[in-house]
Amino acid sequence: MKMYVKFDFNALCKKVLDDKLKEYGLKYRLLNFGEVEFYEPFTQEQHHLFKKNLGEYGIEIIESQKTALIQKIKDAIVELVFSEEIIPVKASIYISEKLNHSYGYLSNLFSEVAYTSIENFIILQKIEHAKVLIIRNKQSLTEIAHKLNYSSVAHLSTQFKNTTGITPSQFQKIVGKRRKAQNTAINPKMQYE
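None of the values given here were measured: they were computed from a predicted structure.

A. Broad picture of the packing of helix α3 (residues 65-81) against helix α6 (residues 118-136). Taken N-terminus to C-terminus, the directions of α3 and α6 make an angle of 40 degrees; their axes are 10 Å apart at the nearest point. Comparing their axes, α6 and α3 come out oblique. As for how α3 packs across α6, the hand of that crossing is right-handed. For the pair formed by α3 and α6, the contact residues are Ile-73, Lys-74, Ile-77, Val-78 and Val-81 on the first element and Ile-118, Phe-121, Ile-122, Gln-125, Lys-126 and His-129 on the second.

B. A look at the environment of Lys-138. Looking at where Lys-138 falls in the secondary structure, it is placed in the loop between α6 and α7 (141-147). Spatially, the C-alpha atom of Lys-138 lies 49 Å from that of Glu-40, the residues being 98 residues apart in sequence. Sequence-distant contacts of Lys-138, defined by excluding residues within four places in its chain, comprise Leu-133 and Glu-143.

C. Representation of the packing of aromatic side chains in the model. Applying the stated criterion to the full structure yields two aromatic pairs. Between the NZ or CZ atom of Lys-126 and the centre of the ring of Tyr-150, over which it lies, the distance is 4.3 Å.

D. Just the nonpolar core, in detail. In this structure, Ile-73, Ile-77, Ile-95, Leu-106, Ile-118, Ile-144 and Leu-156 are the most contacted members of the largest nonpolar core, which totals 29 residues. For this core, the secondary structure elements donating two or more residues are α3, α4 (91-99), α5 (103-114), α6, α7, α8 (153-164) and α9 (168-186). Once you skip the residues sitting within four places of it in the chain, Ile-77 turns out to touch Ile-95, Ile-118, Phe-121, Ile-122 and Gln-125.

The rules we used
Residues numbered from 1 in each chain as written. Predicted model: local features only at pLDDT ≥ 70, side-chain atom pairs only at ≥ 80, totals over all residues. Heavy atoms only, no water. Axes fitted to C-alpha atoms, helices over the stretch in contact; angles between N-to-C directions. Helix = DSSP H or I, 4+ residues; strand = E, 2+ residues; numbered from the N terminus. Parallel < 35°, antiparallel > 145°, perpendicular 65-115°, else oblique. Left-handed = near helix turned anticlockwise from the far one by under 90°. Contact = heavy atoms within 4.5 Å. Phe/Tyr/Trp six-rings, centres within 6.5 Å; stacked < 30°, edge-to-face > 60°. Lys NZ or Arg CZ within 6 Å of the ring centre and 35° of its normal. Core = buried A, V, L, I, M, F, W, Y, C linked by side-chain atoms within 4.5 Å. Buried < 20%, exposed > 50% of the residue type's maximum accessible area, 1.4 Å probe, protein only.

Encoded structure:
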């Protein structure tokens, strides 16, 4: 038996962060995109222990403002791409408005620090989301292309192949074969049906 689970990474990280901060008894407030405002200082030892404690959950404390802004850009992109609703605005406008900076500034900073463009990062996230949607097997490629704001299935297919080396249709076949193999292993009678 399988169960498919949907994650809201921002909510999950915020909950872990909130729980860990409460353990330390610090006075704080959580802001958007992984920002914490402290109302009182805490020691280097507390900082070190807190950093180690968060690391167990894959959460890092970011030391520089540039790195923090890059993470905010990535978070905004993931939020945009993995949103349940279709957000009817260009990614550049969404990111710029979300972070209250010009897109040109954000784009240059992202390229400088992340060694790739925002556009490439968006494509990678869209392809990852497409893979998830294909694996869930509830939507056609046309529906997936529409959901991810592609102009056509051909456009999705081109970017998918450029990123993964295979087309979405080939990926669907691979997923289908793996499902069939798993079902056959679980229920050998299915092999003969």
